[in-house]
Amino acid sequence: MVGLVVVSHSARAAEGIVEVAAEMAGDTRLEPVGGDGQGGIGTVPDAIGDAIDAADDGDGVVVLVDLGSAVMNADVAVELSDAEAVIADAPVLEGAVNAAVAATDPSATLDSVREQAEAARGMEKL
Amino acid sequence: MSDGDSAGAAVVAVVEAVAARIEAERSHLTELDSAIGDADHGGNMARGWAAAADAARDLDDPDAQTVCKTVGKTLMSEVGGASGPLFGGSLVFASAELDDGLTPESAVAFAETYLEKVQDRGDATVGDQTVVDALTPAVHTFKKSIETDDLPPLEALAKAVDAAERGVAFTVPIRAKKGRASYLGWRSVGHQDPGATSVLYILEEVLAVAAEQMDAAVPDVDATSPTIPDDADSEDEA
């Protein structure tokens, strides 16, 4: 089953987004990660790498990210990881919800879950 | 790896000098970053470089490549912002160019690879008001000074530092297109980029330590080419 990692500058934001996405996620592995590792705002590649490993059961991991350095640090973590992981170019919360739903599809693949996450880019609210 | 040499010890000295300089400039960097960013650049860099200096000091008789890799990895795990992957990740990546030790030629290759990785990771180009604006003129000037003008390494380095300084000045009147400052749009115009400023501080320390190690004075040069007559200087900065 494709796993999901939610990366935010704020550990609490990542946890909150996972909480929202988990409602629709069935058995999908959802790992929140965020913060600078010293209780402050930021992101650290090692921690993102650990979250990717925790979310991976062999079918790969889609990584949702918030801003700037989260993208870069996730990029580093993906490069260093042994798991098959991809970053979705998507809004972090909406993308995570879409990906969580997509991951519960029995025929889901890494690509299909990422595509669904990225479909959230065009989501209209009004 | 323990085929340490004088280059390895020199790089450790550079890292210690950079850590001290960044610590001394910490509040200035944070001030620059509070104007257009999230006010964490000074603190993040100071914490990262202090840890990097500790890690470099703990190495047993390392070569230059080992020091660069160790410092890069430490910055990646300790900085906690975009500067981790940009300054640290690129250092790990570019250290591959030092397989055969530190020479003027390998230093050029290292600098070019470092610049490419920073551009690639940050998806930034010259004119985006980022580290790339200081790094690009420095790397280009260093490469040309070594490869085309055949200048001594210390002189090439001094020219690169002057080029970086011009690059930092260039970030002031332009609009940020990457990084946190880009969220400010036009309000980013008129502000000096903190990341580019850190690049300058780092290069200044590289130059100072290199001069010290060679027991030489820092050459009094600027980034303009010796082949350009003095009266054309003012037109050379476009």
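Since the model is a prediction, treat every value here as computed from it, not as a measurement. (Residues numbered from 1 in each chain as written. Chains lettered and ligands numbered in written order. Predicted model: local features only at pLDDT ≥ 70, side-chain atom pairs only at ≥ 80, totals over all residues. Heavy atoms only, no water.)

**Points about the overall build of chain B**
Looking only at helices and strands, one finds 8 helices and 0 strands in chain B. Helices and strands appear in chain B in the N-to-C order α-α-α-α-α-α-α-α. The C-alpha atoms of chain B give 17 Å as radius of gyration, which agrees with the globular expectation for 238 residues (18 Å, within 12%). With respect to the principal axes defined by its C-alpha atoms, chain B has extents near 50 × 45 × 30 Å. Here chain B, with 238 residues, has 52% of them falling under the buried criterion. Nonlocal contacts in chain B, meaning residues at least 24 apart in sequence, comprise 68% of its contacts between residues at least 6 apart. By element, 51% of the accessible surface of chain B is carried by carbon and sulfur atoms, the whole surface being about 10,600 Å². (Helix = DSSP H or I, 4+ residues; strand = E, 2+ residues; numbered from the N terminus. Rg over C-alpha atoms; globule rule 2.2 N^0.38 Å. Buried < 20%, exposed > 50% of the residue type's maximum accessible area, 1.4 Å probe, protein only. Contact = heavy atoms within 4.5 Å. Areas by Shrake-Rupley, 256 points an atom, 1.4 Å probe, with all protein chains shown as cover.)

**Regarding the interface of chain B and chain A**
In many reports, interface size means the accessible area that the parts give up when they come together. Opposite the 14 residues of chain B that make contact, chain A presents 17 residues. Contact with chain A buries area across many residues of chain B, yet Met76, Gly80 and Arg121 of chain B alone supply 41% of it, more than any other trio. Our enumeration of links across chain B and chain A arrives at 4 salt bridges. For the salt bridge of Arg121 of chain B with Glu79 of chain A, the shortest nitrogen-to-oxygen distance reads 3.0 Å. In this structure, the connection of chain B to chain A is made through 4 residue pairs in polar contact (both at pLDDT 80 or more). For the side of chain B that touches chain A, the secondary-structure elements that each account for two or more residues are helix H3 (64–78), helix H4 (83–94) and helix H5 (104–122) of chain B. Looking at the side of chain B that touches chain A residue by residue, the class counts come to 5 nonpolar, 4 polar and 5 charged. (Buried area = accessible area lost by both parts, 1.4 Å probe. Salt bridge = Lys/Arg side-chain N within 4 Å of Asp/Glu carboxyl O. Polar contact = N/O pair within 3.5 Å; in protein donor to acceptor, adjacent residues only side chain to side chain. Nonpolar A, V, L, I, M, F, W, Y, C, P; charged D, E, K, R; others polar.)

**Observations concerning helix H2 (residues 41–57) of chain B**
Residues and elements named next belong to chain B. In this model H2 runs 24 Å from its N-terminal to its C-terminal C-alpha over 17 residues, within 8% of the 24 Å that 1.5 Å per residue would give. Within H2, 12 of the 17 residues are buried, leaving the element largely enclosed by the surrounding structure. Next to the buried residues of H2 lie helix H1 (6–36), H3, H4 and helix H8 (194–213). (Expected span 1.5 Å × (residues − 1).)

**With respect to the pairing of strand S2 (residues 30–34) of chain A**
Residues and elements named next belong to chain A. As defined by bridge partners, strand S1 (residues 3–8) adjoins S2 across 5 bridges and the pair is classed as parallel. By the bridge assignment for S2, Leu4 is matched with Leu30. Handedness of the β-α-β unit built from S1, helix H1 (residues 11–22) and S2 comes out right-handed. (Pairing = 2+ DSSP bridges. Right-handed = clockwise from strand over helix to strand, strands pointing away.)

**Quick look at the confidence of the model for chain B**
On average, residues of chain B score 93 in pLDDT, and 93% of them are at 70 or above. On the interface metric, ipTM, the complex scores 0.80, and its pTM is 0.89. (pLDDT = per-residue confidence, 0-100.)

**A few points about the side chain of Asn73 of chain A**
With respect to the helices, strands and loops of the structure, Asn73 of chain A is situated in helix H3 (residues 68–80). In contact with Asn73 of chain A, other than residues within four places in its own chain, are Thr43, Val44, Pro45 and Ile48 of chain A together with Gly81 and Pro85 of chain B.

**Quick notes on the side chain of Thr130 of chain B**
All names here are of chain B. Its place among the elements puts Thr130 in the loop between H5 and helix H6 (132–147). Residue Thr130 is classed as buried on the basis of its relative accessible area of 10%. In contact with Thr130, other than residues within four places in its own chain, are Ala124, Thr171, Lys178, Asp193 and Ala196.

**Observations regarding the nonpolar core**
Val15, Ile22, Trp49, Val71, Phe87 and Phe142 of chain B are the most contacted members of the largest nonpolar core, which totals 62 residues. Ranked by size, the runner-up nonpolar core spans 23 residues in total, among them Ala14, Ala21, Val62 and Val113 of chain A. (Core = buried A, V, L, I, M, F, W, Y, C linked by side-chain atoms within 4.5 Å.)

**Section: the sheet that holds strand S3 (residues 61–65) of chain A**
All names here are of chain A. Overall, parallel pairing links the 4 strands, which are arranged S2-S1-S3-S4 in an open sheet. A strand with exactly one partner marks an edge of an open sheet, and here the two such strands are S2 and strand S4 (85–87). Ignoring strand direction, the axes of neighbouring strands in this sheet form an average angle of 20°. Judged from the 5 bridges that link them, S1 and S3 form a sheet pairing that is parallel. Note on S3: the bridge partner recorded for Val7 is Val65. Sitting on the sheet, helix H4 (residues 92–103) touches S1 and S3, and the angle it makes with S1 is about 170°. Where helix H5 (residues 110–119) meets the sheet, it contacts S1, S3 and S4, and its direction lies at approximately 20° from that of S3. (Axes fitted to C-alpha atoms, helices over the stretch in contact; angles between N-to-C directions.)

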